[in-house]
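# Descriptive structure summary
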Amino acid sequence: MHTTAELIGAAATLFVLVILTAASVRSIGRRKDVSPGTR
């Protein structure tokens, strides 16, 4: 069952990385919407 635990850990790590990447992309997208020329 050691392999199963490693697989679960790898899947959890990948899941967290995908969430962080999506959050970064959304944050960068919001920053572009509020450009200095708008204010």
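The sections below set out a description of the structure shown in this document. (Residues numbered from 1 in each chain as written. Predicted model: local features only at pLDDT ≥ 70, side-chain atom pairs only at ≥ 80, totals over all residues. Heavy atoms only, no water.)

## Concerning the overall build of the protein chain
Within the protein chain, the regular secondary structure consists of one helix and zero strands. Burial status across the protein chain gives 0% buried among its 39 residues. Put simply, the protein chain shows about 3800 Å² of open surface, and 70% of that area lies on carbon and sulfur atoms. (Helix = DSSP H or I, 4+ residues; strand = E, 2+ residues; numbered from the N terminus. Buried < 20%, exposed > 50% of the residue type's maximum accessible area, 1.4 Å probe, protein only. Areas by Shrake-Rupley, 256 points an atom, 1.4 Å probe, with all protein chains shown as cover.)

## Some points on the environment of T13
Relative to the assigned elements, T13 resides in helix α1 (residues 2-33). By relative accessible area, T13 is classed as partly exposed at 47%. A polar side-chain atom of T13 sits 2.8 Å from the main-chain carbonyl oxygen of G9. (Polar contact = N/O pair within 3.5 Å; in protein donor to acceptor, adjacent residues only side chain to side chain.)

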